[in-house]
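# Structural features, examined
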Amino acid sequence: MPKPFYITTAIDYTNGAPHIGHAYEKVLADVIARYHRLKGDEVFFLTGVDQHGQKVQQSAEKVGLPPQQFVDEITAKFIALWEKLEVRYDGWAATTDPLHKKCVQGILQRLYDEEQIYKDKQEGYYSVRQEQFLTDKERGSDGEFGPQWGEIEHRTEENYYFRLAQHREWLLGYLQSERGRDCVTPHFRQVELVNAVEKLSGDLCISRPKSRLSWGIELPFDRDYVNYVWFDALTNYISFAGYDPTISSFILQPSSFQNKWPALHVIGKDILIPAHGIYWPIMLHALGFPDEQMPKLLVHGWWNISGAKMSKSLGNVVDPDSLADKYGAEALRYYLMSDIVSGKDADFSEERLVERHNSDLANSLGNLLNRTLNMVQRYRGGGLTRVSPERTSADVTSGYTELVRRFEAALPTHESNRAIEAVIENVSFFNGFIDANAPWALAKSSAPSDQARLTEVLYDCTESIRIFAILISPVLPAAAEGIFDQLNWKMALAGREERFSLGEVKWGQLPDGHVVGKPMPLFPRIERDPA
Ligand code: MSP
């Protein structure tokens, strides 16, 4: 059985509406999943929502709704947004799903039986307002706890702890092994992770007494407690892939699970340390996952607003739903994938969104499509004469070779911005190629060599557009279909099942005598309202 490519995103908190950061991550994972489908890989793409925890409980109380109803309503918003943004996933991870709860409880029970989880007393300063114990890290420069913590009392509370510290040496060793050294992309994040693990001390509190928090998964061995969020949330990556918590040996796990695992987790930089870089591998290790079955992490940067973090209190949260309504889902996808350097932060700007759409899509790709089809219609009645790859001019061939090389180089590190750049630069080359060859002048000439050159130019341009459509299809699935419709490159005519595949990115696939369709504007320019 071929192994599917298993990709996940973080599961989003459901204590508020989706924002642009959520949208970026889901589109990024969707684009990677689509590239893999294009390669012919089977894909299992899991995304979903993180529905438990303090914040949700508080937000639900504020609006007077039972927490389940509250998260159901917000979850519906996420689902509708992913549909609108063409995010095509194969599995939906919602942490209130009974299947997930059962798996989390099974894991907790096993780790408890194996003494990886123990009960202990916590004593210290407690902020009633923030409902958390405070450590010295929370003290201000004057040594006092600031007013944001409200009333502070001395408390003693019993909780359950997961033996994190016991696995520190293992994790350090793993991160220095061949697999561990490149388990995080970009590499500088792996270095940060190693530094953090070196400083690791203490175990992880994984419970909250029900008197403090009731909206969570009950501990199977003590019904007075619920599981604290990260343990619950991280488990989604295996619970929804068919992991059986009652089986401790990895190789005895159901084959449907083993076949998917390990995953590539797409996450933001804020949840690498400690959650995905420390808790998660240690949880998996404690559960008996061998080192070669540790997941890989793709860590992306953040979208900021004029250099500042988006936040509800600053009132600068960008709503992807209304942006998609205003500019179209694909203009938004294109912007999010092209205007950020993989792994780095970027500034979100509506103006840039419009600029990128107008320059790259309307003026460049859209223009190439439009003028090419117009000329094929006008000068050749829509019919193409194939030029075999061996006779294709050297500038076209070398441009094509360079495009494929750059595109393929961007894939292993999932740098969608570089893949897009390679395509758009080659699009510009072809717009320049048309200007340099002046087909309108060739059309006026009756010299057979000019007519032959015109035939060639038209074929080269049309063939390049077919290839651009395939390469850009993970980012712009609907526009790519639209290009193929205009090229009249229908399934039946292509005579192949899969017109959209990397195998079809071979020069010279449009057959002799192929008749193209009529041009229609695919990326109308966006005119900005005068401010
Ligand atoms: N629920 C946890 C994740 C649990 S995964 C087992 C969580 N949720 S979140 O809603 O706060 O964030 C979800 C994802 O969105 C995270 O990967 C986070 O990094 C990402 N982003 C949140 N804000 C972002 C930006 N402003 N920009 C880009 N991505 C950001 O953390």
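All of these numbers come straight from a predicted model, not from anything done at the bench.

## Quick notes on the overall build of the protein chain
The helix and strand inventory of the protein chain stands at 20 helices and 16 strands. For the C-alpha atoms alone, the extent of the protein chain along its principal axes is close to 95 × 55 × 40 Å. The proportion of buried residues among the 531 residues of the protein chain is 56%. A fraction of 77% describes how many contacts in the protein chain between residues 6 or more apart in sequence connect residues 24 or more apart. Surface accessibility of the protein chain: about 22,900 Å² in total, with carbon and sulfur atoms responsible for 51%. For the protein chain, the centre of its 57 positive side-chain charges and the centre of its 72 negative side-chain charges are spaced 4 Å apart.

## Here we look at the site of the ligand
What surrounds the ligand is a group of 24 residues, the closest being Ile-11, His-22, Glu-25, Asp-50 and Asp-270. In this structure, a nitrogen atom belonging to the ligand sits 2.8 Å away from a main-chain N or O atom of Ile-11. Here Trp-303 contributes a backbone N or O atom positioned 3.0 Å from a nitrogen atom of the ligand. Contributing elements (two or more residues each) for the shell around the ligand: β2 (12–13), α1 (20–39), α8 (229–234), α9 (236–239) and β13 (264–268). Looking at side-chain class alone, the shell around the ligand contains 12 nonpolar, 8 polar and 4 charged residues.

## A short note on the sheet that holds strand β11 (residues 218–219)
Read from one edge to the other, the open sheet built from 3 strands follows the order β10-β12-β11, with strand pairing classed as antiparallel. Edge positions in the sheet fall to β10 (207–209) and β11, since each of these pairs with one other strand and no more. Looking at chain direction, β10 and strand β12 (residues 222–227) are connected through 3 bridges and run antiparallel. Residue Arg-208 lies in a different strand from β12, and its bridge partner there is Val-226.

Definitions and limits used
Residues numbered from 1 in each chain as written. Predicted model: local features only at pLDDT ≥ 70, side-chain atom pairs only at ≥ 80, totals over all residues. Heavy atoms only, no water. Helix = DSSP H or I, 4+ residues; strand = E, 2+ residues; numbered from the N terminus. Buried < 20%, exposed > 50% of the residue type's maximum accessible area, 1.4 Å probe, protein only. Contact = heavy atoms within 4.5 Å. Areas by Shrake-Rupley, 256 points an atom, 1.4 Å probe, with all protein chains shown as cover. Lys, Arg positive; Asp, Glu negative; His and termini not counted. Charge placed at Lys NZ, Arg CZ, Asp CG, Glu CD. Near = heavy atom within 4 Å. Polar contact = N/O pair within 3.5 Å; in protein donor to acceptor, adjacent residues only side chain to side chain. Nonpolar A, V, L, I, M, F, W, Y, C, P; charged D, E, K, R; others polar. Pairing = 2+ DSSP bridges.

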